[in-house]
Structures are given as structure tokens and as C-alpha cells.
Amino acid sequence: MNILYDERIDGVLPNVDKAALLNRLHQQVPDLDLLWREEELKPYECDGLSAYRTMPMLVALPRRLEQVQKLLEICHAEQVPVVARGAGTGLSGGALPLEKGVLLVMARFNNILHIDPAARTARVQPGVRNLAISQAAAPFGLYYAPDPSSQIACSIGGNVAENAGGVHCLKYGLTVHNLLKLEVLTVEGERLTLGSEALDSPGFDLLALFTGSEGLLGIVTEVTVKLLPKAQVAKVLLASFDSVEKAGRAVAEIIAAGIIPAGLEMMDNLAIRAAEDFIHAGYPVDAEAILLCELDGVEADVHDDCRRVRDVMQQAGASEVRQARTKPNACASGPDAKMPSRPSVACRRITTAWTAPSPAANCPAYWKASRASPPNTACGSPTYSTPATATCIR
Ligand SMILES: Cc1cc2nc3c(=O)[nH]c(=O)nc-3n(C[C@H](O)[C@H](O)[C@H](O)COP(=O)(O)OP(=O)(O)OC[C@H]3O[C@@H](n4cnc5c(N)ncnc54)[C@H](O)[C@@H]3O)c2cc1C
């Protein structure tokens, strides 16, 4: 039994003979790389949710679509469950294998197939890292907006399956809002195209249904994403508060003022100190909470928004509001310098930095509740937003 599949609830899986399955796969898909020895399987026993571990029966590492298709056909015929895996950074156990199943690793599908600067699209294989899309689009002044904090490692296939978001999703949308088309294989191995290169396509919105389905509806084999032009200007304000409730209220008031920041992150004192110890960005370590607010767009709008946000923050009780002197790179626009939040490793608990897609009015209450809750056992597991992301505030 594991958290993904409980035979008492989900039905008993057949006891497939591993050697026989291996033999059949070797015969029918001779060029498919398969791992079956214990020491080879070990690295695949969990994803980022490492509290749960299960050794898969087999791991498949395909490079070609036909291999995936044949593997799915065979597994379907033998009633062997298949779990897809991208980069394995998921924190919800989605890529946790089944012991009677095959783990299908899509990481070798890592080619950027086409960038169309005129249409502002990129066609990529599912194993391409999120950040690699923006890096490939950068020479055209374009980037891919959804930016999970794991973007240096996570794959676009995993992003689709999880409908991943990031700091910039309040303004620019989640994965689902930045996709045009998916090529997928059903569990039977049937090829489907969902969506299209046009901005809309007829029929049910199966693209949206598939996005966020945690790998349960099929295997993503190709993704066409929208690209955005990089903003002309991006500026970051840092406001210090003597309570998290005040900072939370400021979030609500910024949104209520009709301003949609490109990024809006809150850090409590523990997160501030941990980040400061690590990156020495000049964060005010005596503040109970800080808000990092990124504003982007054309120069005149950004200038005006900065002034309005500064006013709102001061009215909400900010003891200090500063503007970053260096080019923003983290809370801020562009995927240049994100890194998974290493300071969290040093902390008993880092509260999730708040990137504002939840109802703004609940923010102070959310923070209060979150601070009152008992510490996580696994050393501060909510590593979603990034105290380690460095916007130099000095
Ligand atoms: C430090 C850190 C920071 C993070 N920050 C964020 C964040 O800011 N925002 C956020 O949303 N998430 C975040 N995550 C979670 C994680 O990175 C995302 O969920 C990411 O989308 C997972 O991608 P992956 O390639 O690692 O997928 P995996 O972990 O390998 O798999 C995730 C799910 O996708 C499925 N899947 C993978 N590839 C395919 C495919 N080709 N076809 C069908 N299904 C597939 C798997 O079956 C599984 O259900 C973070 C994780 C870490 C470790």
C-alpha cells in the first residue's frame, strides 16, 4: 500500500511476474532503457515528498514517443499501472511509484523543438526544464511566465500535470493560462492533441481539464506554451512592518487599490533572518514582516504604481519603504536567479511566503493561523516561495 494507491479502496492489482514483463518489454521495445535492479530503482523511490517512499517494480527511461506508446500498450494489456515522472521535484507525491507498477521517467524528452518569436510560442518536449524555456526565448526578448521556485529543475511536463504556479502568477496566470496545445498519450497508448496553436479551439476545454490532473489522465509528450515579451521596466519595493497582520492587511489594500503587482511576497521574521544569513541582501532583520512588491510594465506606469504602492504601504503601517537599487531578479521578474529556498534547511519552520493569489482580505488571518500552527516535522517543508531569492535592497 502507498498513499497513491490503496488496494483496499482502489482494487487489488494483479501480481504481475516482473521477469515476464521485463522479458516482454525487452522483446517488443528492445531499445527502451529499463532499470530493474534494486540499486538502480532506489533513486526513484520518491519525489520531493520524501517522507513517502516506494520502490517501483521497473523504471522506464524512454527517448522516443513510440517507446512510450508501446510501453503504455503493454502495461495496459498486462494491467500494470504506470506512474509518470518528470524531474521528481513534486511535493505532493504525484511521482511516487507503485510497487506493482512501472515508473515512466520523461526526463530524456528534453528538446526545445521550436521557438516562434512572431507568434510568441515555444513548442517543447515534456522533460524540458521550466527555466530552460525562458533561457531559449531570451534572445527574442521573450520569456515563459509561470515560474515555480523549483524552475531550475522542474520539467514543463510536471508543471502541466501540477498546474504549477509561481511568484508571477497573480499577474500572469498559472500554467493553465499559459498553454496553447498538448500532445498526449492516453493510458492505452492512444495519441491525442488537446488545444491548438490558435488562441481558442472548438469543443470542450480538455486542455484545461488535463492541466493539473496530476498525471492521471495520460502522458504529456509535447507542450506548446505562450511566451510573453519581457517588461520594459521592473522595480521592487520593500516595506517593513512590526506585525505580520499589518503586512497582510497591506497586501489586501494593494489589491483593493486595483494594483496587480508582478510579484508580491511576504516574509515573516524567521524567514527574513534565514534569508539574510544566507544571501546578505540587506533585509531588515528586526522587522516582524516584510513585503516585497514587484511592479513591472512601461516606465511611466511603473513609476506611478510605485508611488501608489508606497502610499498604501505607509497607510497600512509600514515603518519603512525602500526601493531596490539593483535589477530585480527574484520576487522580481525574469527567471534569472531563482533558487530553491536553501535557508529553509536551516530553519525549524519557514512560513510559506505569500504570493497573493488567495483572497487578499484573508491574508492577515491566514498569517495569524499559520504562525499559530505547530511546526512541521520535516524541517520547514513549505519551501514554496523563496526567501533565498535575492533582490538587493541596500
Ligand atoms: C524547492 C521547491 C520549490 C517549489 N516551488 C513551487 C512553486 O513555486 N510552485 C509550484 O506550483 N510548485 C512548486 N514546487 C513543486 C514542483 O516543483 C512542481 O509541482 C513541478 O511542477 C513538478 O515538476 P516535476 O517535473 O518535478 O514533476 P514530478 O515531480 O516528476 O511529477 C509531478 C506530477 O506530474 C506528473 N508528470 C510528470 N511528468 C509528466 C508527463 N510528461 N505527463 C504526465 N504527467 C507527468 C507526475 O506523475 C506527477 O503526478 C516546488 C518544489 C520544490 C522542491
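Keep in mind that what you see is a predicted model, and the values were worked out from it rather than measured. (Residues numbered from 1 in each chain as written. Predicted model: local features only at pLDDT ≥ 70, side-chain atom pairs only at ≥ 80, totals over all residues.)

(A) Main features of the site of the ligand. Taken together, 35 residues lie around the ligand, and Gly86, Gly90, Gly94, Gly158 and Gly215 are the ones closest in. Contributing elements (two or more residues each) for the shell around the ligand: strand E3 (82-85), helix H6 (156-162) and strand E10 (219-226). Broken down by element, the shell around the ligand gets its largest block of residues, five residues, from H6. A per-class count over the shell around the ligand returns 15 nonpolar, 16 polar and four charged. Structurally, the shell around the ligand is a two-domain feature, drawing no fewer than three residues from each of domain 1 (7-105) and domain 2 (112-229). (Near = placed C-beta within 6 Å. Helix = DSSP H or I, 4+ residues; strand = E, 2+ residues; numbered from the N terminus. Nonpolar A, V, L, I, M, F, W, Y, C, P; charged D, E, K, R; others polar. Domains from an automatic or database assignment.)

(B) Highlighting unusual backbone geometry. The phi dihedral of Gln79 is positive, around 60 degrees, even though this residue is not glycine. Among the structural elements, Gln79 can be located in the loop between helix H4 (65-78) and E3. A positive phi angle is found at His280, which is not glycine, with a value near 50 degrees. Relative to the helices and strands, His280 is located in the loop between helix H10 (269-279) and strand E14 (289-297).

(C) Representation of the sheet that holds strand E2 (residues 58-61). The strand order E1-E2-E4-E3 describes an open sheet built from four strands, whose pairing is mixed. Only two strands of the sheet have a single neighbouring strand rather than two, namely strand E1 (33-35) and E3. Taken pair by pair, the neighbouring strands of this sheet meet at an average axis angle of 25 degrees, ignoring direction. Pairing between E2 and strand E4 (residues 102-105): three bridges, direction parallel. In the strand pairing of E4, Ala60 is matched with Leu104. (Pairing = 2+ DSSP bridges. Axes fitted to C-alpha atoms, helices over the stretch in contact; angles between N-to-C directions.)

(D) Highlighting the sheet that holds strand E12 (residues 233-241). Spatially, E13-E14-E12-E15 is the arrangement adopted by the four strands of the open sheet, whose pairing is antiparallel. Strands with a single pairing partner mark the edges of an open sheet, and in this sheet they are strand E13 (263-268) and strand E15 (320-323). Averaged over all pairs of adjacent strands, the angle between their axes in this sheet comes to 15 degrees, without regard to strand direction. Note that E13 and E14 share six bridges and pair antiparallel. Each residue of the ladder has a partner; that of Glu265, found in E14, is Leu292. On the sheet, H10 packs against E13 and E14 and is oriented at approximately 95 degrees with respect to E13. (Contact = placed C-beta atoms within 7 Å.)

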